[in-house]
Amino acid sequence: MRHDEVPVLIVGGSLVGLSMSLFLAQQGVAHLVVERHPGTAIHPRAAFLMQRTVELFRGVGIEKEVLAAAQREFVQNGAIVAVDSLSGRELQYFFRNINDGVEQLSASPRIFVTQIGLEPVLRERAAALGARLRYSAEVVSLEAGEDGVTALVRDRTSGEESTVRARYAVAADGAHSPVRRQLGIGMLGHGTFSDSITIYFRADVRPLLGERNLSVVYVVSPRLQGFFRFSFDGQSGFLVVNSALDDAGERTTTIGATATDANCIRYVREALGAPDIPVEIEDVQRWGAAAEWAERLRVGRVLLAGDAAHVMPPTGGYGGNTGVHDAHNLAWKLAYVLDGRAGEDLLDTYEAERLPVARMTVEQAYTRYVTRLDPGLGTDGLDPLIDDPPIDLGYRYRSASFTPEDPDDGSQWEDPHSPSGRPGFRGPHVTVRRNGTQLSTLDLVGRDSVLFTGAAGGGWAQAGASAAERLGVRLDVYRVGDRGDIEDPGGAFAKAYGVGPDGAVLLRPDGFVAWRATGSTTGSTTGSTTDHGGALGGALARSLCRPQP
Ligand SMILES: Cc1cc2nc3c(=O)[nH]c(=O)nc-3n(C[C@H](O)[C@H](O)[C@H](O)COP(=O)(O)OP(=O)(O)OC[C@H]3O[C@@H](n4cnc5c(N)ncnc54)[C@H](O)[C@@H]3O)c2cc1C
């Protein structure tokens, strides 16, 4: 029997498995992706990519390709609207243009690109960076021990079986995650509340769309609740149906069980508000609308990511984005633990950081589902609505990797329009200049930790260099401000990161603030100290879960 040895095995090679592969490849970690399907996505599914996701793809050098794929598929910057039917009344605009008011939050825009358009870009770059991807192959079983995992893999074409031994496995095997079930990890949350369908159809909707550029169209009528997305040319699209009236005129959420072609044509016509329009059904996918998260994201050497870790209704468009963020959080940690630059405990911070974000995001998707599509589920006890920018860019991590600042106000998120720069939050995007070229502060973060010091932060720079040397890790150090490596003419950096000229801020390889010394000129002296080496050395070690020096 063929046998492979590899540091990381990724089970599932869809959006999250491929993102995981790409981020690991960028970190130089050898790995194998095993995917049951013969290739990348054949259904569009996720399309709304939020800024953090595009920012992460920018970080691995594929933003241009992703934007080009997006432009091939959709007119960008569309609106998100609720209607009673496409040709009927507009009930509410959630966005007039999905990028309105968020341009300054990131160097990357929100975009629309389907998994059909996106996944080949991820796969190509991952493969170019050395990823091994095995398609039409299935992980049949996974045994996890103290030192590693052993997977039995079956080739779905030849039936041939082989084994793979890995030091860690990432389960990116989707909502029904066989790996999660095998590990006996339960789910928490609201469970499944609709037997939904996605109807892929052809119909000429151009006369109904008119001049409108609509990215997502929620349909909320007494007869049907769901949403549309249309193709670039307005001649095809999909309709999700979460609930509708049945033959007896009763509202039902059991749509999948009765999704005949005739019913699907009826749903599409009703939602378009065009009873006689010619409609051709291309495909129908049945799926359960659910809102839940896994009890745990790590059991020994197996870690869950993406839909395997959290499932949410598509209202809001968070599911795939959250999964990509999981993958990014995990990839650098695996890289650092595998070659000893970080302590094994760093992997525990994955669950500590991502599980609260998963819970918050699932609840936000659920709140949107109930209020936009199905108030009948009950609005009591819903988490209050949070705007998209904090969900995307303002969530907070708490774990042993951060050096917290007192007092902790207990919040799980902040508005990225007014970032605090505190440890546990994503380092704010600030446009600065380096050697005459304009760039984002986050463009300076990539594979390793980064230290930004104020213009008078020479002591921090020296302390950082010697701490990094002592720990055997790389630390990129930049002096920001007057005569520094990085020009910040408007002083936006100091404001966003909350550090004065004699302050400093340490970012982890994922761009999250691990520690900061605000310096004396901001009026506050949090972290201000003369023992630069002790403070920064301790913070760098802590960020990697290494023993304190
Ligand atoms: C209609 C619709 C619209 C959506 N819109 C959005 C949106 O706009 N934005 C957004 O962020 N999200 C959206 N989502 C959610 C998004 O599609 C999912 O969150 C995302 O696809 C999850 O990716 P994943 O890789 O975790 O899981 P999946 O895509 O389910 O992939 C899991 C993969 O694992 C493979 N697999 C499973 N078991 C094995 C095994 N034993 N061996 C080998 N391979 C295995 C499967 O074949 C599959 O390819 C939408 C979902 C739907 C249904």
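Residues numbered from 1 in each chain as written. Predicted model: local features only at pLDDT ≥ 70, side-chain atom pairs only at ≥ 80, totals over all residues. Heavy atoms only, no water.

Peer 1: Report on the overall build of the protein, specifying residues and quantitative values.
Peer 2: Helices and strands together make up the secondary structure of the protein, namely 13 helices and 25 strands. Relative to the globule expectation of 24 Å for 549 residues, the C-alpha radius of gyration of the protein, 24 Å, shows essentially globular dimensions. Considered along the principal axes of its C-alpha atoms, the protein spans approximately 75 × 60 × 45 Å. Per-residue burial for the protein yields a buried fraction of 57% across its 549 residues. Partitioning the contacts of the protein with sequence separation of at least 6, the portion at a separation of at least 24 is 69%. Counting every atom, the protein has about 21,400 Å² of accessible surface; 48% of that belongs to carbon and sulfur. In the protein, which carries 54 positive and 68 negative side-chain charges, the distance between the mean positions of the two groups comes to 3 Å. (Helix = DSSP H or I, 4+ residues; strand = E, 2+ residues; numbered from the N terminus. Rg over C-alpha atoms; globule rule 2.2 N^0.38 Å. Buried < 20%, exposed > 50% of the residue type's maximum accessible area, 1.4 Å probe, protein only. Contact = heavy atoms within 4.5 Å. Areas by Shrake-Rupley, 256 points an atom, 1.4 Å probe, with all protein chains shown as cover. Lys, Arg positive; Asp, Glu negative; His and termini not counted. Charge placed at Lys NZ, Arg CZ, Asp CG, Glu CD.)

Peer 1: Talk me through the site of the ligand; I want residue IDs and the actual numbers.
Peer 2: Around the ligand sit 33 residues, and of these Ser-14, Glu-35, Arg-45, Asp-307 and Gly-320 come closest. Between the ligand and Asp-307, the relevant distance is 2.7 Å, taken from an oxygen atom to a side-chain nitrogen or oxygen of the residue. The separation between an oxygen atom of the ligand and a polar main-chain atom of Gly-317 is 3.0 Å. Expressed as a share of its isolated accessible area of 1,000 Å², the protein-covered part of the ligand is 92%. (Near = heavy atom within 4 Å. Polar contact = N/O pair within 3.5 Å; in protein donor to acceptor, adjacent residues only side chain to side chain.)

Peer 1: An account of the packing of aromatic side chains is requested, with residue identities and associated values reported.
Peer 2: If you walk through the whole model with that rule in mind, you get 21 aromatic pairs. Considering the side-chain rings of Phe-48 and Phe-112, the 5.3 Å spacing of their centres and the 10 degrees angle between planes classify their relative orientation as stacked. Here Phe-48, found in strand 3 (residues 48-49), pairs with Phe-112, found in strand 6 (residues 111-112); they are 64 residues apart in sequence, far enough to count as distant. Assigned by exposure class, Phe-48 and Phe-112 land together as buried. In this structure an aromatic cluster arises from ring pairing among Phe-94, Tyr-200, Tyr-218, Phe-227 and Phe-238. Taking the ring centre of Tyr-168 as reference, the NZ or CZ of Arg-301 above it sits at 4.7 Å. Arg-341 extends its terminal NZ or CZ atom over the ring of Tyr-336, reaching a point 3.8 Å from the ring centre. (Phe/Tyr/Trp six-rings, centres within 6.5 Å; stacked < 30°, edge-to-face > 60°. Lys NZ or Arg CZ within 6 Å of the ring centre and 35° of its normal.)

Peer 1: Which residues make up the packing of helix 1 (residues 15-26) against helix 2 (residues 51-59), and what are the values?
Peer 2: Two elements in contact, helix 1 and helix 2, have axes whose closest approach is 11 Å; the angle formed by their N-to-C orientations is 40 degrees. As the angle between them shows, helix 1 and helix 2 are arranged oblique. The handedness of the crossing between helix 1 and helix 2 is left-handed. In contact with Ser-19, Leu-22, Phe-23 and Gln-26 of helix 1, helix 2 contributes Leu-56, Phe-57 and Gly-59. (Axes fitted to C-alpha atoms, helices over the stretch in contact; angles between N-to-C directions. Parallel < 35°, antiparallel > 145°, perpendicular 65-115°, else oblique. Left-handed = near helix turned anticlockwise from the far one by under 90°.)

Peer 1: Pulling in residues and values, what's your account of the sheet that holds strand 25 (residues 513-517)?
Peer 2: Within a sheet, neighbouring strands are paired by backbone hydrogen bonds and run either parallel or antiparallel to one another. With mixed pairing, the four strands of this open sheet are ordered in space as 23-22-24-25. The open sheet has two edge strands with one neighbour each: strand 23 (475-479) and strand 25. Ignoring strand direction, the axes of neighbouring strands in this sheet form an average angle of 15 degrees. (Pairing = 2+ DSSP bridges.)

Peer 1: Let's hear about the packing of helix 1 against helix 4 (residues 115-128): which residues, and what values?
Peer 2: Following both chains from N to C, one finds helix 1 and helix 4 inclined at 30 degrees, their axes separated by 9 Å at the closest point. By the angle class used here, helix 1 and helix 4 are roughly parallel. The crossing of helix 1 and helix 4 is left-handed. In this structure, helix 1 contributes Leu-15, Leu-18, Ser-19, Ser-21, Leu-22 and Ala-25 to the contact, and helix 4 contributes Gln-115, Leu-118, Glu-119, Leu-122, Arg-123, Arg-125 and Ala-126. In terms of residue class, the contact of helix 1 with helix 4 is made up of seven nonpolar, three polar and three charged. (Nonpolar A, V, L, I, M, F, W, Y, C, P; charged D, E, K, R; others polar.)

Peer 1: Describe the layout of surface pockets, listing the residues and the values that go with them.
Peer 2: Estimated volume of the second largest pocket: approximately 460 Å³. Along the walls of the second largest pocket sit 23 residues, with Phe-94, Arg-368, Arg-372, Leu-385 and Asp-387 positioned nearest its centre. Broken down by secondary-structure element, the contributors of at least two residues to the lining of the second largest pocket are strand 5 (90-95), helix 9 (348-372) and helix 10 (388-393). A total of five residues in the lining of the second largest pocket trace back to one element, the largest contributor, which is strand 5. (1 Å grid on protein atoms, 1.4 Å probe; cavity = no way out; pocket = protein on both sides within 12 Å on 5 of 7 lines; lining within 4 Å. Points joined across faces, edges and corners; volume = space filled by probe spheres on them.)

Peer 1: Give a detailed account of helix 2, specifying residues and quantitative values.
Peer 2: When you tally the buried positions in helix 2, you get seven out of nine residues, the bulk of the element. Inspection of helix 2 places Gln-51, Arg-52, Thr-53, Val-54, Glu-55, Leu-56 and Phe-57 among the buried residues, and these make up the whole buried set.

Peer 1: Give me helix 13 (residues 532-543): which residues, what numbers.
Peer 2: Every α-helix winds through 3.6 residues per turn, so residues three or four apart in the chain are directed the same way. Helix length check: helix 13, at twelve residues, gives a terminal C-alpha distance of 16 Å against a target of 16 Å (1.5 Å per residue), a fit within 8%. Those residues of helix 13 that are buried are in contact with helix 8 (319-338), strand 22 (449-453), helix 11 (458-471), strand 23, strand 24 (504-507) and strand 25. Of the residues flanking the end of helix 13, it is Cys-545, one or two places downstream, whose phi is positive at about 55 degrees. (Expected span 1.5 Å × (residues − 1).)

Peer 1: Give me the lowdown on the environment of Ser-543, citing residues and values where you can.
Peer 2: Structurally, Ser-543 is set in helix 13. Judged by its relative accessible area of 2%, Ser-543 falls in the buried class. For the pair Ser-543 and Thr-403, spaced 140 residues apart in the sequence, the C-alpha separation amounts to 7.7 Å. Contact partners of Ser-543, with chain neighbours within four places excluded, come to Trp-332, Leu-346, Ser-401, Leu-506 and Ala-514.

Peer 1: Describe unusual backbone geometry, naming the residues involved and giving the relevant values.
Peer 2: Omega for the peptide link from Asp-406 to Pro-407 comes to -10 degrees, which places this bond in the cis form. Counting through the fold element by element, Pro-407 comes out in the loop between helix 10 and strand 20 (431-434). Phi angles above zero are rare outside glycine, and Ser-136 is one such case at about 50 degrees. Mapped onto the elements, Ser-136 comes out in the loop between strand 7 (132-134) and strand 8 (137-144). Using a relative accessible area of 17% as the deciding quantity, one classes Ser-136 as buried.

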